[in-house]
Amino acid sequence: MSLREQLCAYGRRAVELGLVIGSSGNLSVREGDLVAVTPAGAALDRLTPEMCPVVDVEGHLVEGELQPSSETPMHLAVYAATGAGAVVHTHAVFGTVVATTMTELPPVHYNALLLGGAVRVAPYATYGTPELAANVRQAMEGRKAALMANHGGVTVGATLEEAFEATRLLEWLCEVYVRGLGVGTPTVLTGEQLDAVVERALNPPVFPRRPPS
Ligand SMILES: [Zn+2]
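Given the structure is predicted, the values throughout are model-derived calculations rather than measurements. (Residues numbered from 1 in each chain as written. Predicted model: local features only at pLDDT ≥ 70, side-chain atom pairs only at ≥ 80, totals over all residues. Heavy atoms only, no water.)

Caption draft 1: View of the nonpolar core. Of all hydrophobic cores here, the largest spans 21 residues; its most connected members are L7, L27, V29, A36, L47 and L160. Those elements that provide at least two residues to this core are α1 (3-16), β1 (25-31), β5 (86-90) and α5 (160-183). Per element, the largest residue contribution to this core is five residues, and it comes from α1. In this view, L47 contacts L7, C8, T38, P39, A42 and C52; residues no more than four positions away in its chain are not counted. Of all hydrophobic cores here, the second largest spans 20 residues; its members include L76, A84, A133 and M140. (Core = buried A, V, L, I, M, F, W, Y, C linked by side-chain atoms within 4.5 Å. Buried < 20%, exposed > 50% of the residue type's maximum accessible area, 1.4 Å probe, protein only. Helix = DSSP H or I, 4+ residues; strand = E, 2+ residues; numbered from the N terminus. Contact = heavy atoms within 4.5 Å.)

Shown next, in the form of structure tokens:
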């Protein structure tokens, strides 16, 4: 699949899964110094490959008639900081709830380690501005995800599939936390407990074969 075809496929999926309503999110995928990105203001479930602009990592339009997403500066800042292969940004409900109420999503489930641990909330700045891009860049340090205050979430991956799955995981973690708050006080895992998870993942048990009878 070409980069632009991938944007169409994952754009559709993002809407189908309820992560994005209409145009309230944007995706990009990089190959070398070229980045295919969803166009500004377009419904993500109605994209065609030709609609998706291609920019270089400095933000020059290389291909396409439509303007790239207004969050393209944020995507480019994240590429520069992380060397990722793809970036996914959505206004998914539970991520946005956490981003409007907290300064970080604490690790209440060990799967948070897949995103690098506690997910930081980048301070608020107007959408599409270099200030927001800089805030996100900082919040992403050592992480595969960040939340943007009063806005939404952003994730990275080596591929668009990886970045997309990270967005699904981020939304799941935020939902567990928010629903947990409705029941009681969610227990936050300690550094020691998280270290033990890493240790366990690095040393999985090997089940011996049953000897022939
Ligand atoms: Zn946004």
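Caption draft 2: Fine view of the pairing of β5. Most of β5 is tucked away: five of the five residues are buried. With burial as the criterion, each face of β5 is covered, one bearing A86, V88 and T90 and the other bearing V87 and H89. The pairing of β1 with β5 spans five bridges and is classified as antiparallel. Paired with S28 across the bridge in β5 is V87. (Pairing = 2+ DSSP bridges.)

Caption draft 3: Structural context of the coordination of the zinc ion. Here the zinc ion is held by H89 (NE2), H91 (NE2) and H151 (NE2), and the distances to it run 2.1 Å. Considered as a linear motif, the donors of the zinc ion on their single chain read H-x1-H-x59-H. Of this pair, H89 sits in strand β5 while H151 sits in the loop between β8 (145-148) and β9 (152-157), and the two are 62 residues apart along the sequence. Accessibility assignment for this pair places H89 and H151 in one class, buried. (Donors = N, O, S within 2.8 Å, 3.2 Å for Na, K, Ca; no water.)

Take it as geometry only, folks, not as evidence of what the structure does.
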